[in-house]
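If you want the building blocks of each chain, they are given just below.
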Amino acid sequence: PGLFVGAGVGYERITNLDDSFLPIYGEAQYYFGENRISPFAFGRAGWSPGWIEGVNGSDFGGAMFGAGVGVIAMMQDRAAITFALGYHHQSVSDDYPDFNDAISGLQLELGVMF
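Residues numbered from 1 in each chain as written. Predicted model: local features only at pLDDT ≥ 70, side-chain atom pairs only at ≥ 80, totals over all residues. Heavy atoms only, no water.

(A) Structural view of the packing of aromatic side chains. Tallying each qualifying case throughout the model produces three aromatic pairs. Taking 5.6 Å as the distance between ring centres and 45 degrees as the angle between the ring planes, the aromatic pair formed by Tyr31 and Phe40 counts as tilted. One exposure class covers both Tyr31 and Phe40, and it is buried. Here the aromatic rings of Phe40 and Phe42 are separated by 6.3 Å at their centres, their planes lie at 40 degrees, and the arrangement is tilted. (Phe/Tyr/Trp six-rings, centres within 6.5 Å; stacked < 30°, edge-to-face > 60°. Buried < 20%, exposed > 50% of the residue type's maximum accessible area, 1.4 Å probe, protein only.)

This is the structure in structure tokens:
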């Protein structure tokens with residue numbers, strides 16, 4: 001009863017690369033209660049498409065995954081606001097100069113569910 005499975009799209013800004021990505025992902029969340037405000041845990045995996053133009057050429061996303069914990073606050077009309085802290089990993093490549101790399105780190109997230 002506490003399991004949620006869905007899909008999403010997001011916006012990701014990576015400041016040290018001076019680039020943005022639009023990850024498309026599947027996500028599973030587990031809610032630890034049925035109160036108006038409840039904790040949850042999540043895991044997600046997906047892909048960031050390689051069509052974002054970078055400053056020095058085309059930066060291509062790649063596989064991404066993340067996991068974390070958060071709090072959901074239910075609102076009226078079946079909408080909710082979420083706040084989460086997690087770990088995020090994003091593969092990145094660039095065509096000028098040719099390189100493959102990965103960006104990993106902590107992620108703060110504010111979301112709206114409806």
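So much for the structure itself; the text now carries on.
(B) Expanded view of the nonpolar core. Listed in full, the six residues of the largest apolar core are Tyr31, Phe40, Phe42, Ile72, Ala80 and Ala84. Where this core is concerned, the elements lending two or more residues are strand 5 (37-47) and strand 8 (80-95). The residues contacting Ile72, other than those within four sequence positions of it, are Tyr31, Arg36, Ile37, Ser38, Phe40, Ala80, Ile81, Thr82 and Met113. (Core = buried A, V, L, I, M, F, W, Y, C linked by side-chain atoms within 4.5 Å. Helix = DSSP H or I, 4+ residues; strand = E, 2+ residues; numbered from the N terminus. Contact = heavy atoms within 4.5 Å.)

(C) Spatial organisation of the environment of Gln29. Position of Gln29 among the secondary structure elements: in strand 4 (residues 24-31). Note on Gln29: relative accessible area 7%, which makes it buried. Distance in space between the C-alpha atoms of Gln29 and Arg44 is 8.7 Å, their sequence separation being 15 residues. Those residues in contact with Gln29 that lie beyond four places of it in its chain are Gly2, Leu3, Phe4, Phe40, Ala41, Phe42 and Met113. Here the side chain of Gln29 touches Glu27 through a polar contact of 2.8 Å, side chain to side chain. (Polar contact = N/O pair within 3.5 Å; in protein donor to acceptor, adjacent residues only side chain to side chain.)

(D) View of the layout of surface pockets. One number sums up the size of the largest pocket: a volume of about 600 Å³. In terms of lining residues, the largest pocket is bounded by 26 residues, among which Val9, Tyr25, Glu27, Arg44 and Glu109 are the most central. Top element by residues in the lining of the largest pocket is strand 9 (residues 98-113). It accounts for seven residues. Residues belonging to the lining of the largest pocket are distributed by class as follows: 14 nonpolar, eight polar and four charged. Lining the second largest pocket are 14 residues, and of these Tyr31, Gly33, Ile72, Met74 and Met113 lie nearest its centre. Looking at the lining of the second largest pocket residue by residue, the class counts come to eight nonpolar, four polar and two charged. (1 Å grid on protein atoms, 1.4 Å probe; cavity = no way out; pocket = protein on both sides within 12 Å on 5 of 7 lines; lining within 4 Å. Points joined across faces, edges and corners; volume = space filled by probe spheres on them. Nonpolar A, V, L, I, M, F, W, Y, C, P; charged D, E, K, R; others polar.)

(E) Highlighting the pattern of salt bridges. Summed over the entire model, instances satisfying the criterion amount to two salt bridges. The salt bridge partner of Arg44 is Glu109, with a shortest N-O separation of 2.8 Å. Of the two residues, Arg44 sits in strand 5 while Glu109 sits in strand 9, which places them 65 residues apart along the sequence. A network of salt bridges, in which partner residues are shared, links Glu27, Arg44 and Glu109. (Salt bridge = Lys/Arg side-chain N within 4 Å of Asp/Glu carboxyl O.)

The analysis is restricted to geometry; functional conclusions fall outside its scope.
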